[in-house]
Amino acid sequence: MVNIPLLLMGCGEVGRQLLHHIVSCRPLHSKQGVMLRVVGVCDSKSMVAAPDVLTSHLDDEFLLKLCKVKSSGSSLQELANFGGCQVFSGQEIARKVMEFAATLRKLSGLTLVDCSASSQTVELLSQAVNLDCCVVLANKKPLTSSLNDYDKLVSQPRRIRHESTVGAGLPVISSINRILSSGDPIFRIIGSLSGTLGYVMSEVEGGRPFSEVVNTAKRLGYTEPDPRDDLSGMDVARKALILARLLGRRINLDSIKVESLYPVEMGPDVMSVDEFLSNGLPLLDKDIQNRIDNASSKGKVLRYVCLIEESRCEVGIQEVAKDSALGRLKGSDNVLEIYSRCYSKQPLVIQGAGAGNDTTAAGVLADILDIQDLFRH
Ligand SMILES: NC(=O)C1=CN([C@@H]2O[C@H](COP(=O)(O)OP(=O)(O)OC[C@H]3O[C@@H](n4cnc5c(N)ncnc54)[C@H](OP(=O)(O)O)[C@@H]3O)[C@@H](O)[C@H]2O)C=CC1
Ligand SMILES: N[C@@H](CC=O)C(=O)O
């Protein structure tokens, strides 16, 4: 049996879905000879961990209880009453994670799974990479901070997986890596990489108000924790940066041209998420509807497009033909066209659900299983 010790950072929508997938896939993994041992789970304030990460793990009953506690809005601290775990908080968390990494390194190693939406995990992840930990990410922020941080994270390519950072569970990163490693240079990527913006555009085309559709996208689990990350284009810009860096571009987030769907007066420094959703968004309904109607009068639709070509890396709204690959998109689907020497006239096209907690967590789980060979001894 291959044992993979895991430490999950972030037990929000995606993290909890991952824990549910891990528990429900036990019979399948057991047939495959793999055992995922969750030795710790942390949120923004606390960490619960197995009493001894070498010999024990958080059992399934505990993990499901944890999911219940977190979805009810309570703190991980509450699990201390449940027994069978250690609880840490504040600065102690990073110290303990490194201690676990050092302990497990002697036996099998540790996988850190980042399902947070925080830009603050990057430091811990880089330190963990130095201790030969594997890293699996749904969080795009660590890969889109400085080039220095990026270089550290990807310094051991076999030990990092981040399929869910672009296109949720779609095989985008793995396909690009396969093309590149065969010496086939990619010269153009164009696509729609936001499940939220794809859903919003196609639903508003169908006549629903922008504000209502954004709220629904949040409820369906398509948006970032703060939907302004999607509406500002920054979430797509991060995906574009991840792809551009994969292609070898030495660029940063601030070199990407980004178009926002809301004004600075509605930004996070000015109003809370709830205020934005209930009071800010309705003020944008008319403008978005006008832009969509205007495009429609020319037989076109609006799509939030990501383009990476030569020195260009940009994201923003474009009017595209209704019958194009981008124009035909519906719901939360993403579509990505990859042009390379082998795919020069007809691109390689990847399309499917590009957002949602289930597909994202499934992508993370597949990444974890993909590194199982590193845990065989
Ligand atoms: N939903 C989707 O379709 C997709 C999502 N993703 C990515 O998945 C990630 C998670 O999204 P989602 O689950 O919706 O987000 P949530 O806001 O629901 O959950 C985030 C979790 O991270 C925790 N957290 C915050 N800071 C830290 C930290 N420094 N260390 C450890 N944990 C921390 C939060 O703690 P607390 O509970 O205390 O607030 C919370 O538990 C995001 O990065 C998102 O971009 C990627 C692809 C698709
Ligand atoms: N908020 C994102 C989720 C996946 O990264 C999106 O809408 O695409």
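Residues numbered from 1 in each chain as written. Chains lettered and ligands numbered in written order. Predicted model: local features only at pLDDT ≥ 70, side-chain atom pairs only at ≥ 80, totals over all residues. Heavy atoms only, no water.

This brings us to the UniProt feature "active site" (unreviewed entry) in the chain. Sites flagged by UniProt as "active site" (unreviewed entry) map to Lys-239. Along the polypeptide, Lys-239 turns up in helix H11 (residues 234-246). Residue Lys-239 is classed as buried on the basis of its relative accessible area of 6%. Residue contacts for Lys-239: discarding those within four places in its chain leaves Lys-140, Thr-165, Val-166, Leu-193 and Ser-194. (UniProt positions renumbered as here; feature names shortened; annotations may be inferred. Helix = DSSP H or I, 4+ residues; strand = E, 2+ residues; numbered from the N terminus. Buried < 20%, exposed > 50% of the residue type's maximum accessible area, 1.4 Å probe, protein only. Contact = heavy atoms within 4.5 Å.)

This part is about unusual backbone geometry. Positioned with a positive phi, Asp-132 is a non-glycine residue whose angle comes to about 65°. A residue is classified by how much of its surface remains accessible, and Asp-132, at 29% relative accessible area, is partly exposed. Positive phi values are uncommon outside glycine, yet Glu-310 reaches one of about 45°. Mapping Glu-310 onto the fold places it in the loop between strand E10 (300-309) and strand E11 (312-321). Overall, the relative accessible area of 66% leaves Glu-310 in the exposed class.

What follows covers the site of ligand 2. Around ligand 2, 13 residues are found, and the nearest of them are Gly-195, Thr-196, Tyr-222, Glu-224 and Asp-230. Between Gly-195 and ligand 2, the recorded distance is 2.8 Å, taken from a backbone N or O atom to an oxygen atom. In the model, an oxygen atom of ligand 2 is placed 2.8 Å from a nitrogen or oxygen of the Lys-239 side chain. Computed on the free molecule, ligand 2 has an accessible area of 250 Å², of which 94% lies beneath the protein chains in the complex. Assessed atom by atom at 2 Å from the grid points, ligand 2 resides in the largest pocket. Among the residues making up the shell around ligand 2, the classes are represented as 3 nonpolar, 5 polar and 5 charged. (Near = heavy atom within 4 Å. Polar contact = N/O pair within 3.5 Å; in protein donor to acceptor, adjacent residues only side chain to side chain. Areas by Shrake-Rupley, 256 points an atom, 1.4 Å probe, with all protein chains shown as cover. 1 Å grid on protein atoms, 1.4 Å probe; cavity = no way out; pocket = protein on both sides within 12 Å on 5 of 7 lines; lining within 4 Å. Sits in = over half its atoms within 2 Å of the grid points. Nonpolar A, V, L, I, M, F, W, Y, C, P; charged D, E, K, R; others polar.)

Spatial strand order, E9-E11-E10-E8-E12-E13: 6 strands in an open sheet with mixed pairing. Each having just a single partner strand, strand E9 (257-258) and strand E13 (348-353) make up the two edges of the open sheet. Two elements, strand E8 (residues 186-192) and strand E12 (residues 333-340), share 6 bridges in a ladder whose sense is antiparallel. Across the sheet, Ser-192 pairs through a bridge with Val-335, a residue of E12. Of the strands in this sheet, E8, E9, E10, E11 and E12 touch H11, which is tilted by about 35° from E10. (Pairing = 2+ DSSP bridges. Axes fitted to C-alpha atoms, helices over the stretch in contact; angles between N-to-C directions.)

When you line up the elements, Pro-347 lands in the loop between E12 and E13. A relative accessible area of 17% places Pro-347 in the buried class. The sequence separation of Pro-347 and Leu-336 amounts to 11 residues, and the corresponding C-alpha distance is 9.1 Å. Once residues within four sequence positions are removed from consideration, Pro-347 is found in contact with Glu-337, Ile-338 and Tyr-339.

Time to look at the side chain of Thr-144. Mapped onto the secondary structure, Thr-144 falls in the loop between strand E6 (134-137) and helix H6 (147-153). A residue is classified by how much of its surface remains accessible, and Thr-144, at 8% relative accessible area, is buried. At 2.9 Å, the side chain of Thr-144 and the backbone oxygen of Lys-140 are in polar contact. In contact with Thr-144, not counting residues within four places along its chain, are Arg-238, Leu-241, Ile-242, Arg-245 and Leu-253.

We now examine the environment of Gly-206. Turning to its location among the elements, Gly-206 is positioned in the loop between helix H8 (195-205) and helix H9 (210-219). Residues Gly-206 and Lys-45, 161 residues apart in the sequence, show an inter-C-alpha distance of 42 Å.

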